[in-house]
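Chain residues, written in single-letter form:
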Amino acid sequence: MNNLAGKFHLMVMNGLKTLGTWLSRTEQQSKLAILIYHRVHPKPYNRIGLEVDAQLFDQQMGLMAKYFNVLPLADAVQSLKNNSLPPRAVCITFDDGYADNCEVALPILKKWQLPATFFIASGFLNGGCMWNDKILEAVFQSPLNTLMLSEIDEHPLAIDTKENKERTANYLLSKLIYLPHAERAEKVEYVLQQAQVTAPNNLMMTVEQLCHMKQQGMDIGGHTCSHPILASLPEKEAEQEIANNKAYLESVLGEPLRVFAYPNGKPGRDYQAAHINIVKKLGYECAVSTAWGVSSPDADCYQLARFTPWDTSSGKFMLRHVLNYRNTLPEVV
């Protein structure tokens, strides 16, 4: 058995070496890959979503440190525009502002001496809870076996098993995400009430943690106040969301923000040309979407591509990067 394990380990390491060699080719110069993370859980996550735990994140960051040139986002974008990126250039980004970014991810990033950018939805600092997390808490923490949500669906929604919880949570998330902001908030509170669950107040960072992140050399970016779908808001409200978020974070951090992430981030669906113009007008140097791919020097620096590295094995994680490098034309608006 030990011999088989040794052969398998050697095969994996040879595969990683091959992928690393491929990524070292000069054709990968002047292409920028940007990773998206949200949470890094202390232990394996037993719900839904593409979230990593501390052990997996540590493994992935070790690969980043060994095979890639990890750069701060704003600096990388300047090099991208100047066509002076090093080979295998990568940026690491986190969306929303979860407390575990500071408590779990930061020590791992420091261990591997890697920079990262954290896009903060400022309205949830100091005890807030995002709407999607409220839905997950309602479904997974409810003492009930069935949710009766007549204002959303006439059928009972089973939550008696892990599989049914996942199915119901995914259904509710997809059902509510594109509702008008105020209506969605109302429906989310209704789900919590029917599920007999109180939303947690410890998922997001405190201002003190945010400042600590900055002091430790991490970059902070804007991400609106309340994380709305910008395209669903009147343009004036969308501008207020972006501007107020920027002003507040700059007052806390004592320096200008350089980078922005569109909430949800799908071009044309979640944000539009008007929102790009607002971001430019407010003085941001660049912005990121969630369109899959890598960015070349001719890319719109206000619609940079990103992707989520969800694979749990080192080989697949590296292969994901190879495949992502082949997609250099992300969707734009």
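An account of the accompanying structure is given in this report. Because the structure is predicted, anything quoted here is derived from the model rather than measured.

How each quantity is defined
Residues numbered from 1 in each chain as written. Predicted model: local features only at pLDDT ≥ 70, side-chain atom pairs only at ≥ 80, totals over all residues. Heavy atoms only, no water. Helix = DSSP H or I, 4+ residues; strand = E, 2+ residues; numbered from the N terminus. Buried < 20%, exposed > 50% of the residue type's maximum accessible area, 1.4 Å probe, protein only. Contact = heavy atoms within 4.5 Å. Areas by Shrake-Rupley, 256 points an atom, 1.4 Å probe, with all protein chains shown as cover. Core = buried A, V, L, I, M, F, W, Y, C linked by side-chain atoms within 4.5 Å. Expected span 1.5 Å × (residues − 1). Axes fitted to C-alpha atoms, helices over the stretch in contact; angles between N-to-C directions. Parallel < 35°, antiparallel > 145°, perpendicular 65-115°, else oblique. Left-handed = near helix turned anticlockwise from the far one by under 90°. Phe/Tyr/Trp six-rings, centres within 6.5 Å; stacked < 30°, edge-to-face > 60°. Lys NZ or Arg CZ within 6 Å of the ring centre and 35° of its normal.

**Considering the overall build of the protein**
Along its length, the protein carries 11 helices and 11 strands. Within the protein, the proportion of its 333 residues that are buried is 52%. Partitioning the contacts of the protein with sequence separation of at least 6, the portion at a separation of at least 24 is 73%. Entry remark: accessible area of the protein is about 15,000 Å², with carbon and sulfur atoms responsible for 51%.

**Side note on the nonpolar core**
F57, F94, L109 and F118 are the most contacted members of the largest nonpolar core, which has 72 residues in total. At 7 residues, the largest contribution of residues to this core is made by helix α2 (residues 54-67). If near-sequence neighbours (up to four positions away) are discounted, F94 is found in contact with Y37, H38, V40, F57, N101, A105, L109, A116, T117, F118 and F119. A138, F140, L173 and V197 belong to the second-largest nonpolar core, a separate cluster that totals 23 residues.

**Section: helix α4 (residues 99-111)**
An ideal rise of 1.5 Å per residue puts 18 Å on 13 residues; α4 measures up with 18 Å between its terminal C-alpha atoms. If you check which residues of α4 are buried, you get A99, D100, N101, C102, V104, A105, L106, I108 and L109. Where α4 is buried, its residues contact β2 (40-41), α2, β5 (89-96), β6 (117-120) and α8 (207-215). Among the residues trailing α4, Q113 stands out with phi positive, at a value near 55°.

**A closer look at the packing of α2 against helix α11 (residues 314-325)**
Two packed helices can be described by the angle between their axes and the distance between those axes. The N-to-C vectors of α2 and α11 enclose an angle of 55°; their axes lie 11 Å apart at closest approach. Overall, the two elements α2 and α11 adopt an arrangement that is oblique. Two packed elements cross with a definite hand, and for α2 against α11 that hand is right-handed. Contact residues: Q59, Q60, L63, M64 and Y67 in α2; S314, F317, M318 and H321 in α11.

**Brief notes about the packing of aromatic side chains**
A complete count under the given rule lists 8 aromatic pairs for this structure. For K246, the ring lying beneath its charged end belongs to Y284, and the centroid distance is 5.2 Å. One cation-aromatic arrangement involves R269 over Y178; the distance from NZ or CZ to the ring centre is 3.7 Å.

The values reported here are purely geometric and, on their own, carry no functional implication.
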